[in-house]
There are 8 protein chains.
Amino acid sequence: MSDDHVFDFQRQARIGLAEAVLCAGKTPAQIDAIIATAMGNEKRLLLTRLADEVARQLDAPMDYDPLSRTGIVGEADPPAGPAAVAVVTAGTSDLPVAREAVRTLGFYGRAVTEISDVGVAGLWRLLAREEDLRRHACVIAVAGMEGALFSVVAGLVPGLVIAVPTSTGYGVARGGETALHAALTSCAPGVVAVNIDNGYGAASAALRFLAARDR
Amino acid sequence: MSDDHVFDFQRQARIGLAEAVLCAGKTPAQIDAIIATAMGNEKRLLLTRLADEVARQLDAPMDYDPLSRTGIVGEADPPAGPAAVAVVTAGTSDLPVAREAVRTLGFYGRAVTEISDVGVAGLWRLLAREEDLRRHACVIAVAGMEGALFSVVAGLVPGLVIAVPTSTGYGVARGGETALHAALTSCAPGVVAVNIDNGYGAASAALRFLAARDR
Amino acid sequence: MSDDHVFDFQRQARIGLAEAVLCAGKTPAQIDAIIATAMGNEKRLLLTRLADEVARQLDAPMDYDPLSRTGIVGEADPPAGPAAVAVVTAGTSDLPVAREAVRTLGFYGRAVTEISDVGVAGLWRLLAREEDLRRHACVIAVAGMEGALFSVVAGLVPGLVIAVPTSTGYGVARGGETALHAALTSCAPGVVAVNIDNGYGAASAALRFLAARDR
Amino acid sequence: MSDDHVFDFQRQARIGLAEAVLCAGKTPAQIDAIIATAMGNEKRLLLTRLADEVARQLDAPMDYDPLSRTGIVGEADPPAGPAAVAVVTAGTSDLPVAREAVRTLGFYGRAVTEISDVGVAGLWRLLAREEDLRRHACVIAVAGMEGALFSVVAGLVPGLVIAVPTSTGYGVARGGETALHAALTSCAPGVVAVNIDNGYGAASAALRFLAARDR
Amino acid sequence: MSDDHVFDFQRQARIGLAEAVLCAGKTPAQIDAIIATAMGNEKRLLLTRLADEVARQLDAPMDYDPLSRTGIVGEADPPAGPAAVAVVTAGTSDLPVAREAVRTLGFYGRAVTEISDVGVAGLWRLLAREEDLRRHACVIAVAGMEGALFSVVAGLVPGLVIAVPTSTGYGVARGGETALHAALTSCAPGVVAVNIDNGYGAASAALRFLAARDR
Amino acid sequence: MSDDHVFDFQRQARIGLAEAVLCAGKTPAQIDAIIATAMGNEKRLLLTRLADEVARQLDAPMDYDPLSRTGIVGEADPPAGPAAVAVVTAGTSDLPVAREAVRTLGFYGRAVTEISDVGVAGLWRLLAREEDLRRHACVIAVAGMEGALFSVVAGLVPGLVIAVPTSTGYGVARGGETALHAALTSCAPGVVAVNIDNGYGAASAALRFLAARDR
Amino acid sequence: MSDDHVFDFQRQARIGLAEAVLCAGKTPAQIDAIIATAMGNEKRLLLTRLADEVARQLDAPMDYDPLSRTGIVGEADPPAGPAAVAVVTAGTSDLPVAREAVRTLGFYGRAVTEISDVGVAGLWRLLAREEDLRRHACVIAVAGMEGALFSVVAGLVPGLVIAVPTSTGYGVARGGETALHAALTSCAPGVVAVNIDNGYGAASAALRFLAARDR
Amino acid sequence: MSDDHVFDFQRQARIGLAEAVLCAGKTPAQIDAIIATAMGNEKRLLLTRLADEVARQLDAPMDYDPLSRTGIVGEADPPAGPAAVAVVTAGTSDLPVAREAVRTLGFYGRAVTEISDVGVAGLWRLLAREEDLRRHACVIAVAGMEGALFSVVAGLVPGLVIAVPTSTGYGVARGGETALHAALTSCAPGVVAVNIDNGYGAASAALRFLAARDR
């Protein structure tokens, strides 16, 4: 059981998404070693859940974003064309997760429309953006607490709605479980969900969608 | 341990609400005995969760409503004045619970505005009733599944919003738990909740509210 | 609170999906009334979770499928073009849920490739269909128990993978919760999930996807 | 996705409650920015879950209370009239949550009667205050552990009883879930509940109640 | 693996309690066989959770009580002395569980004081029995829903308080779990609990207590 | 809402147990204030869950035990007579909880037999103490993990068995929930349980038992 | 998606275990079809969770056992050699699950020692069989409720101990979850577990073990 | 209750496994004392969950491995013969748990084949090792998140498959519970599981297996 990471180099060719590195629980030395292995074969690498203090200890130069805790080693694809994906958030606390999705999409050269603070307690904020939202093929909705945003958005737009529940809230918010369950039991048809706080996963699904659309 | 029910006859005077009989799990004979005991002291009695087939076997004459499974023995108070309470439902499956609240309010002579099928998937249905809803001192919102109705209503009206989560839905709706947690973690301030499917409880809270207002 | 259902007639125009009728918990009389209301405005109607014995008591003629417990009143759209969506199942017990997805897609004229019994315990069965699966823009994977199928499929194909966990299994399968959680924590990137046993929801998401692709 | 907070300035006019700032998880710089944005439009601002060490780093002058971790920027409404709301606690550990409710009510100029240490293990302490409690239109009961206080209070007083379960306790107290469930399953009719430790929410409900009463 | 039950005949001598037969899930033939085996060695036998329709099919003559679903084969010990144990219930629905405890105590010749319908919503009913309760060495308190009775009783009496949570209630009562957790997190010191609906277990603990006291 | 603690001074006379101070979550200043208030009326005071670093900051002199995190202010009752209570532990990690029970019993002058490391994996260790255990009127069994000790002890001894589940273990030990549930579902009759890690509660129940026995 | 079952005919050669048919939720017609397909390739077939009333409607002749609800079509392997596996049960209610394991082992010609009613409440029953148990290479322990049997057995014997938790019990036994967690947190080293009520799975593991031993 | 640990010295002779010391929650002084007691009777001792900073404070010399947090005092058995056990991991985060298993097997002189990073998202990595894996009598599979590895491995190899779920992952991975449930509900027959992160337990089961095989 060598400690060398066995990279899945065929992944980009096979499913259109390269292996990313989930940095939570890895030491700087381990991450540097994985970067070295990966960059021998790939032209770029995405790192997620990379804490600020860990990022500062890495040898590899990278484009690091502290809000989303993501790092990009090498060159991201240049952004191309109008945004087909909108990322919307209920409140300020949902921004880090939303930004992880934005950064992942940007890594693959996909433009994104970002809309924040449209939680349903002040419904006019969302309704003011309704027409804009309806123009996007895919809406990634990011919300914690009761996750009512998912149903309201999915009742307003025709595009694919990917819900990202966040761990925002306390008590019976249960670290995002209530928002997740709200997404899955939405009264609006066709909402799909990813794991709590998984902005990367939502972006990956959107990338599968966009690649299939573009084929 | 005699099987004679010890009725709390002081309850109406003490808290403004008479003891009601939860009939689930009681036999027709037991319910008839409780009615006899109660009607010796009270001029009327409310029965909840009274199944149709049990109601048919009771000796006491009553006003029975099969949708809400409630029975009223004796005379309900006559309805008085304009409706201070609105009861709104997300969908058809929430009607039995909503009707239990309406019947309880009616038992005490309180008028109610009923608004149904205003789930947020078709938001225009709720927005069309916004002005009407804002005129009520108290809104009882009844919804299952993801319970997004609670937050949207509480963001639109100034009155007291009492959420009644229902067991409508399947899978992670978890028999109403997701809707309950949505009510409790609402991003709109001041939503209060009662137990799942507890239309009687929501009406009781509204009655406490109305009595305090009228004092 | 009249018992007349308030149909969301704007839904098809707004989000591309018409309101469907979830029949669980409704009486034949209620369903017949909703059909009558709906068919005054729509040219067709989809009914889900319609039990065999209830379907037999309905007045309206319909195309009823007992395996998926779905009914179609009026004319479904004619199927068009090659299948962009594949529906795969782990085992025989997952077929009713899978068929609900197939029927929903067919209602909107979308062709489907159906592949059954490809659970990972006999991995060759899935690998034999790998090339076929990779040709589809969207794969709806239907599995209960441990839901390993979701990760294995998503590691093999580039299309959008929508996981439908089913309630197949016992003990800690927990009525589909384990399969749902497996979908959400998949080690393969970009898996999205719908509620347990929600074939209709997965198809609705695929329809949003196809409509966005075709715009 | 600018980091500028989109304030819901219409909220006070719409529902009678201004947007408050939940400070948990925000940096001092973010909070200062929100205060600046808000005070451009509002004459005062309430901040909740504001930790002592964060409060000390803020630029804006404010009235800060460390027990409840609340801050008030600008002028609270002057207190008016006799107290219509009583806030009662079971024990010392429930005081921070109770005080959050008191501060929120005070922010809107509502007088409060505070009664502490009336847990039911020493029932005489509560019974000694029974007459006093009965004079209030609304009682906010704050308790953790088994939450028996909610039922006992609601059996004694005619006013609206709002239960605030707290995270006091250990083991199967489950961070407040047991107290929350006790509130929701109370044998006394008409108890309503807010989320665990949500003193702000209970006060918001009371404010809706008082505003409706006073209209 | 013969189907002959291996009876623990040494149990009475070893721990003072004979093996009882939990009849749930056993066929009449199996129960009759166990009775035959047991009565070859013991002079009496207690059967619990014995449904009415099963009891009617048994060959062995017995004293059967349908409320508690218990049967006694052979001679119970004659009751002796004043009651050292009181069994109190919150409401009518708790009676079957309470009666199971009473029957078990009676099987061993222990007298019991039964007090019913003393739920805390009408506190005067319990306070009226306070002096009586204080005279008993052990109080078995039987309650479902929020289980507030346990804490109030334990705050009033010096004796051992054994809480029996019952499955009375719905929604977040969770089949007795909320009442169980209330017993275990009681603010009154020294409450002990048995499993949900386990009247037999509470009586067994009381019997251990009485035997130790009498040694 | 003054911060002065309202002490339940009648508790010792009423139920035989004085109010103890649960120090978790209280500051040294608060604890010192409570001690001052209490010692004006009582001749001694028990403090539980008192962390070492907090104890060191208190003004009041006390007998502090770091293993059990208990403090005794004033004079404990002198121990009297032979031990009627045995406290047994499954393993070393259960000692702090066991010692809390021992200290509480000692506070009231009750002698205790302590037996440690008798977990059932090495059954001979428990069987070697069987005769000794059988001589005690009450056995407090302290165990985490799977809690098998409770059933084995209760199958061997005639005395009252009080189970104290502990949070020892990881994974599905779930912080003591598995041990708690094991106690409550024991196949040996008459086991009673207290909350997880609640050595104080178990001792309080034993004290109720001993007081009743001695009356 | 044809309804023809895709049998995994390579399974016996690949892993030493043939595909078995879980009959729960299948109609007699479906099961008959699967039998026909299977018996075209295999010389025998095992059916599990086959209800008595379903078995009676099947066309295929089989050896059916109502206690374990298993059917064997074709010829089981003849039993060979001394028993290497012992199957022990805590109580009568665990027999159906135990027998499913025994029947599965017998299907592959493996002899089994069956020992029943050795629950730890009467420990002598198990200790009397200790020497016998120690002679077996593998012990399958079957128990519900608190599952203490697993730890006690694993502390006594050197062989592989496979725990099968059963759904025997009520309340916090939680349908077998408590026994499952007890197995997984056993203080005796090296206990392994299968799903609740999964006698077939335990036998399959034992068969893997025996095949590896015999290679 | 002396603090001297009562060592189970008969354990090696009785079940073939010596008592190991779980160091989590013990102080360096306590661990040193246990080592001293143990080494008076045993020739070696295994310590698990021994944190790096605690290990550095111990007096006893030992072979310490920081990745697995295990220490070996005295002489491990020399490795003998070809590896009968393979330990495979899904990803890098699973290595500490896997290594605990490897170290435990090595302590008893058992050789191990280690295979890492064979998670099913890149299925070719596992298929490349299929033949190698099939040669082992026992495969310990270590995986977190959705735990799909367990089913895929068990569908490929004939040996005993012991699943070790790990706490790798976030959100509904629930600290390893999802992987655990996936192991227990595997569609491949005969998977057995140990507690979350319990590499020691898996190795102990493998040692029981190997000892039984070698007898």
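### Let's talk about the overall build of chain A
Across its full length, chain A carries nine helices and nine strands. Considered along the principal axes of its C-alpha atoms, chain A spans approximately 50 × 45 × 25 Å. Looking at chain A as a whole, 65% of its 215 residues are labelled buried. Across chain A, contacts joining residues at least 24 apart in sequence account for 69% of those joining residues at least 6 apart. Charge-centre separation for chain A: the mean point of 19 positive side chains lies 6 Å from the mean point of 24 negative side chains.

### Observations concerning the domain arrangement of chain A
Residues and elements named next belong to chain A. According to the domain assignment, chain A contains domain 1 (11–73) and domain 2 (85–214). Spacing between the C-alpha centres of domain 1 and domain 2 amounts to 25 Å. Each side of the interface is counted separately: domain 1 has 19 residues, and domain 2 has 14 residues. Between domain 1 and domain 2 lies a buried interface of about 1500 Å² when both sides are counted; carbon and sulfur atoms form 61% of it. Among the residues of domain 1 in contact with domain 2, L17, L46 and L67 are the three that bury the most area, contributing 37% of the side total. Linking domain 1 with domain 2 are one salt bridge. Close ionic contact of D63 with R103 constitutes a salt bridge, the shortest N to O distance being 2.9 Å.

### Quick word on the interface of chain C and chain A
Facing 37 residues of chain C, the contacting portion of chain A comprises 36 residues. Between chain C and chain A the total buried area reaches about 2900 Å² when both faces are included, carbon and sulfur atoms providing 57% of it. Broken down residue by residue, the surface that chain C buries against chain A is led by C:L184, C:P189 and C:R208, which jointly contribute 23%. Here chain C and chain A share zero salt bridges between them. Where chain C touches chain A, the interface holds 13 residue pairs in polar contact (both at pLDDT 80 or more). Mapped by element, the contributors of at least two residues to the side of chain C that touches chain A are α1 (11–15), α7 (148–156), β8 (160–165), α8 (177–184), β9 (191–193) and α9 (199–214) of chain C. With eight residues, the top contributor of residues to the side of chain C that touches chain A is α9(C). Classifying every residue of the side of chain C that touches chain A gives 23 nonpolar, eight polar and six charged.

### With respect to the sheet that holds strand β4 (residues 70–74) of chain E
All names here are of chain E. Reading across the sheet, the four strands line up as β1-β2-β4-β3 and stay open at both edges, with mixed pairing between neighbours. The open sheet has two free edges, formed respectively by β1 (21–22) and β3 (63–65), since each of these has just one partner strand. Summarising the sheet, strand β2 (residues 44–48) and β4 pair through four bridges and their orientation is antiparallel. Note on β4: the bridge partner recorded for L46 is I72. Those strands touched by helix α2 (residues 28–39) are β1, β2 and β4, and its axis lies near 150 degrees from that of β2.

### Brief notes about the sheet that holds strand β4 (residues 70–74) of chain H
Ordered by their spatial adjacency, four strands build an open sheet running β1-β2-β4-β3 (chain H), and the pairing between neighbours is mixed. The two strands at the open ends of the sheet, each matched to only one other strand, are β1 (21–22) and β3 (63–65) of chain H.

### As for the pairing of strand β4 (residues 70–74) of chain D
Residue and element names in this part refer to chain D. With four of five residues buried, β4 is to be regarded as a mostly interior element. One ladder, built from three bridges, connects strand β3 (residues 63–65) with β4; its direction is antiparallel. Note that in β4 the partner of Y64 across the bridge is G71.

### Re the state of the cysteines
In the structure shown here, the tally under the stated rule is zero disulfides over all chains. With no disulfide of its own, C:C23 lies 17 Å from the sulfur of A:C187, the closest cysteine sulfur. A relative accessible area of 4% places C:C23 in the buried class. The structure places no disulfide on E:C138, whose sulfur is separated from the nearest cysteine sulfur, that of F:C138, by 12 Å. Among the residues examined, E:C138 registers a relative accessible area of 0% and is labelled buried.

### Describing helix α4 (residues 95–107) of chain G
All names here are of chain G. Over its 13 residues, α4 runs 18 Å from end to end, which matches the ideal 18 Å to within 8%, given 1.5 Å per residue. Taken across its 13 residues, α4 has 11 buried, putting it largely inside the fold. Residues L95, V97, A98, R99, E100, A101, V102, R103, T104, L105 and F107 constitute the buried set of α4. Just downstream of α4, G109 is the residue with a positive phi angle, here 75 degrees.

### A closer look at the arrangement of the chains
With no contact formed, the shortest span from any C-alpha in chain C to any C-alpha in chain D equals 21 Å. Nothing in chain A touches chain G; the tightest C-alpha to C-alpha distance between them is still 21 Å.

### Some words on the relation of the copies chain C and chain A
Mapping chain C onto chain A calls for a screw motion: a turn of 180 degrees about the axis and a shift of 0.0 Å along it, with 0.0 Å RMSD after fitting. The superposition of one copy onto the other is thereby described by a two-fold rotation axis. A shared binding surface is used by both copies, with 97% of the interface residues of chain C retained as interface residues in chain A.

### Let's talk about the packing of helix α4 (residues 95–107) of chain D against helix α9 (residues 199–214) of chain D
Residue and element names in this part refer to chain D. As a packed pair, α4 and α9 sit with axes 7 Å apart at the nearest point and diverge in direction by 40 degrees. Note that α4 runs across α9; the crossing there is right-handed. Of α9, the residues touching α4 (which contributes V97, E100, A101, T104 and L105) are G199, Y200, A203, A206 and L207. When grouped by side-chain class, the residues that make up the contact of α4 with α9 number seven nonpolar, two polar and one charged.

### Things to note about the pattern of salt bridges
Residue and element names in this part refer to chain E. If you walk through the whole model with that rule in mind, you get 112 salt bridges over all chains. Ionic pairing is found between R11 and D8, a salt bridge with its closest N-O pair at 2.8 Å. Comparing R11 with D8, the two get one shared label, buried.

### Some thoughts on the environment of G:T113
Residue and element names in this part refer to chain G. Examined against the element boundaries, T113 turns out to sit in strand β6 (residues 110–115). On the accessibility criterion, T113 (17% relative accessible area) is buried. Those residues in contact with T113, other than ones at most four positions away along the chain, are A83, V85, A86, V87, D132 and H136. Of note is the side chain of T113, whose polar atom sits 2.7 Å from the side chain of H136.

### Some words on the packing of aromatic side chains
Inspection of every chain in the model, using the stated rule, returns 12 aromatic pairs over all chains. A centroid spacing of 4.8 Å and a plane angle of 85 degrees characterise the contact between E:F209 and F:F209, whose relative ring orientation is edge-to-face. Placement of the pair is E:F209 in helix α9 (residues 199–214) and F:F209 in helix α9 (residues 199–214), with the two residues belonging to separate chains. Here E:F209 and F:F209 have matching classes, each one buried. In this structure, B:R44 packs its charged tip against the face of B:F107, placed 4.7 Å from the ring centre. Positioned above the aromatic ring of A:Y170, the side-chain terminus of D:R49 is 3.7 Å from the ring centre.

### Looking at unusual backbone geometry
Unlike most non-glycine residues, C:R49 shows phi in positive territory, near 50 degrees. In this structure, C:R49 sits in the loop between β2 (44–48) and α3 (52–55).

### Comments concerning the pairing of strand β7 (residues 138–143) of chain E
Residue and element names in this part refer to chain E. Within β7, six of the six residues are buried, leaving the element largely enclosed by the surrounding structure. Burial of β7 is two-sided: the residues C138, I140 and V142 facing one way and the residues V139, A141 and A143 facing the other way are all buried. Alignment of β7 against strand β8 (residues 160–165), held across six bridges, turns out to be parallel. Within the sheet, the bridge partner assigned to A141 lies in β8 and is A163. Each parallel crossover has a hand, and the one from β7 via helix α7 (residues 148–156) to β8 is right-handed.

### Looking at the environment of D:P165
Residues and elements named next belong to chain D. Within the fold, P165 resides in strand β8 (residues 160–165). For P165, a relative accessible area of 0% puts it in the buried group. With 33 residues separating them in the primary sequence, P165 and N198 have C-alpha atoms 7.9 Å apart. Those residues in contact with P165, other than ones at most four positions away along the chain, are A143, F150, G176, A179, L180, V194, N195, I196 and D197.

Here is what the cut-offs are and how they apply
Residues numbered from 1 in each chain as written. Chains lettered and ligands numbered in written order. Predicted model: local features only at pLDDT ≥ 70, side-chain atom pairs only at ≥ 80, totals over all residues. Heavy atoms only, no water. Helix = DSSP H or I, 4+ residues; strand = E, 2+ residues; numbered from the N terminus. Buried < 20%, exposed > 50% of the residue type's maximum accessible area, 1.4 Å probe, protein only. Contact = heavy atoms within 4.5 Å. Lys, Arg positive; Asp, Glu negative; His and termini not counted. Charge placed at Lys NZ, Arg CZ, Asp CG, Glu CD. Domains from an automatic or database assignment. Buried area = accessible area lost by both parts, 1.4 Å probe. Salt bridge = Lys/Arg side-chain N within 4 Å of Asp/Glu carboxyl O. Polar contact = N/O pair within 3.5 Å; in protein donor to acceptor, adjacent residues only side chain to side chain. Nonpolar A, V, L, I, M, F, W, Y, C, P; charged D, E, K, R; others polar. Pairing = 2+ DSSP bridges. Axes fitted to C-alpha atoms, helices over the stretch in contact; angles between N-to-C directions. Disulfide = S-S within 2.5 Å. Expected span 1.5 Å × (residues − 1). Least-squares fit on C-alpha atoms with pLDDT ≥ 70 in both. Left-handed = near helix turned anticlockwise from the far one by under 90°. Phe/Tyr/Trp six-rings, centres within 6.5 Å; stacked < 30°, edge-to-face > 60°. Lys NZ or Arg CZ within 6 Å of the ring centre and 35° of its normal. Right-handed = clockwise from strand over helix to strand, strands pointing away.

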